[in-house]
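Descriptive structure summary
Here are the chains, one letter per residue:
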Amino acid sequence: MKAVILAGGKGRRLRPFTTVLPKPLMPLGEMPIVEVVLRQLAAHGFEEVTLAVGYLAELMMAYCGDGSKFGLRLGYSREEQPLGTAGPLALVEGLDDTFLVMNGDVLTTLDMQAMLAQHRANGAVATIATHHRRQQINYGIIESDDNSRVTAYIEKPVHHYQVSMGVYVLEPSVLTHIAPGEYLDLPDLVRQLMADGQHVMAYPFDGYWLDIGRHDDYEQAVEEFETMQAQLLPERRA
């Protein structure tokens with residue numbers, strides 16, 4: 001099975017760290033984030049992984065090598081200019097069967113094989129891993145009509161919603177929606193698929209998930225990695 005890790009972004013929200021390191025090489029203890037992701041993929045039965053690289057690509061390639069130290073065959077697809085999160089997929093060779101795509105800064109206990117099985121059972125062209133989030137508004141919310149007459153007063157409402165975890169299972173047919181060299185993000189690709197009447201599914205997951213994109217998220221990941229390590233780095237499946 002094949003997977004693509006999106007690892008070409010500049011990680012602007014984690015500056016100044018990412019002025020010298022690509023975000024996936026940010027350390028969790030003695031192990032960079034990308035190594036955690038690669039070892040997880042190997043444990044879940046993925047054999048071939050492509051790292052879609054761009055910013056500071058040489059550092060990524062020097063550290064990860066051919067993937068043998070992670071139990072994988074690792075290749076690289078390099079973008080010469082920013083292509084978004086979906087655009088790089090058009091450059092990856094050999095995506096001729098169901099494949100997984102994920103951000104290179106995701107820390108999760110998601111069972112990728114279970115997600116893949118659900119994707120196939122649903123007959124979807126795309127499945128998006130989702131996570132429940134709640135957000136409280138710390139103000140009284142006023143609703144009014146066109147004449148400024150108050151129609152509702154809601155004190156500190158709580159909103160519940162599902163967010164994308166940055167993990168996708170895709171069919172090769174989605175690649176026809178991505179022009180080589182075109183800048184395209186995955187949300188835009190998903191909207192194109194839905195507009196075309198394609199079958200797109202969510203895969204709700206209520207386990208551990210952290211998107212290491214901001215300083216506070218990264219600090220949380222560093223604090224939790226030691227206690228979560230056994231769960232985040234499972235034994236390889238037979």
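Residues numbered from 1 in each chain as written. Predicted model: local features only at pLDDT ≥ 70, side-chain atom pairs only at ≥ 80, totals over all residues. Heavy atoms only, no water.

A short note on the overall build of the chain
Helix and strand content of the chain: 5 helices and 13 strands. Taken along its principal axes, the extent of the C-alpha atoms in the chain is 65 × 45 × 40 Å. Once local pairs closer than 6 in sequence are excluded, the contacts in the chain between residues at least 24 apart make up 74%. Accessible surface computed for the chain: about 12,300 Å², of which carbon and sulfur atoms make up 49%. (Helix = DSSP H or I, 4+ residues; strand = E, 2+ residues; numbered from the N terminus. Contact = heavy atoms within 4.5 Å. Areas by Shrake-Rupley, 256 points an atom, 1.4 Å probe, with all protein chains shown as cover.)

Things to note about the sheet that holds strand 8 (residues 126-136)
An order of 5-4-1-6-11-8-12 is seen for the 7 strands of this open sheet, with the pairing classed as mixed. Edge positions in the open sheet fall to strand 5 (73-78) and strand 12 (200-204), since each of these has one partner strand only. Taking the axes of each pair of neighbouring strands and ignoring which way they run, one obtains an average angle of 35° across the sheet. Helix-sheet contacts for helix 2 (residues 57-64) involve strand 1 (2-7), strand 4 (48-53) and strand 5, and the interaxial angle to strand 5 is about 175°. The strands touched by helix 4 (residues 186-195) within the sheet are strand 1, strand 6 (99-103), strand 8, strand 11 (158-170) and strand 12, with strand 12 carrying the most contacts at an inclination of about 130°. (Pairing = 2+ DSSP bridges. Axes fitted to C-alpha atoms, helices over the stretch in contact; angles between N-to-C directions.)

A short note on the side chain of glutamate 171
Tracing the chain through its elements places glutamate 171 in the loop between strand 11 and helix 4. The buried charged residue glutamate 171 lacks any salt bridge, with arginine 120 as its nearest oppositely charged partner at 5.6 Å. In this view, glutamate 171 contacts Thr98, Phe99, His119, Ala124 and Val125; residues no more than four positions away in its chain are not counted. (Buried < 20%, exposed > 50% of the residue type's maximum accessible area, 1.4 Å probe, protein only. Lys, Arg positive; Asp, Glu negative; His and termini not counted. Salt bridge = Lys/Arg side-chain N within 4 Å of Asp/Glu carboxyl O.)

As for the pairing of strand 5
Consecutive residues of a regular strand have side chains that alternate between opposite faces of the sheet. As paired elements, strand 4 and strand 5 share 6 bridges and run parallel to each other. Considered in strand 5, the bridge of alanine 52 is made with serine 77. The parallel pair strand 4 and strand 5 is bridged by helix 2, and the resulting crossover is right-handed. (Right-handed = clockwise from strand over helix to strand, strands pointing away.)

Re a nonpolar patch on the surface
A cluster of nonpolar side chains, contributed by Ile142, Val150 and Tyr153, occupies part of the molecular surface with about 330 Å² of accessible area. Summarising the element assignment, valine 150 is placed in strand 10 (residues 150-155). (Patch = residues over 30% accessible without salt bridge, like charges linked within 9 Å, V, L, I, M, F, W, Y side chains within 5 Å.)

Looking at the side chain of threonine 130
Note that threonine 130 resides in strand 8. Take threonine 130: its relative accessible area is 8%, and that puts it in the buried class. Of note is the side chain of threonine 130, whose polar atom sits 3.2 Å from the side chain of glutamine 162. The residues touching threonine 130, leaving out its near neighbours within four places in the chain, are Gln162, Val163, Met165, Ala202, Tyr203, Pro204 and Phe205. (Polar contact = N/O pair within 3.5 Å; in protein donor to acceptor, adjacent residues only side chain to side chain.)

Digging into the packing of aromatic side chains
Tallied over the entire structure, the rule returns 0 aromatic pairs. Above the face of the tyrosine 63 ring, lysine 69 is positioned so that its terminal group lies 4.2 Å from the ring centre. (Phe/Tyr/Trp six-rings, centres within 6.5 Å; stacked < 30°, edge-to-face > 60°. Lys NZ or Arg CZ within 6 Å of the ring centre and 35° of its normal.)

Focus: the confidence of the model for the chain
Residues at a pLDDT of 70 or more form 92% of the chain, whose mean pLDDT is 87. Mean pLDDT across the secondary structure elements of the chain bottoms out at helix 5 (residues 215-232), with 80, and peaks at strand 12, with 97. (pLDDT = per-residue confidence, 0-100.)

Some thoughts on the pattern of salt bridges
Counted under the stated rule, the structure contains 4 salt bridges. Close ionic contact of arginine 39 with glutamate 35 constitutes a salt bridge, the shortest N to O distance being 2.8 Å. In this pair, arginine 39 and glutamate 35 both sit in helix 1 (residues 33-43), 4 residues apart, roughly one turn of the helix. Exposure remark for arginine 39: the relative accessible area of 31% places this residue in the partly exposed category. Across the pair arginine 78 and glutamate 58 runs a salt bridge, and its minimum N-O distance is 2.6 Å. On the criterion of sequence distance, the pair formed by arginine 78 in strand 5 and glutamate 58 in helix 2 is long-range, its members being 20 residues apart. For glutamate 58, a relative accessible area of 47% translates into the label partly exposed.

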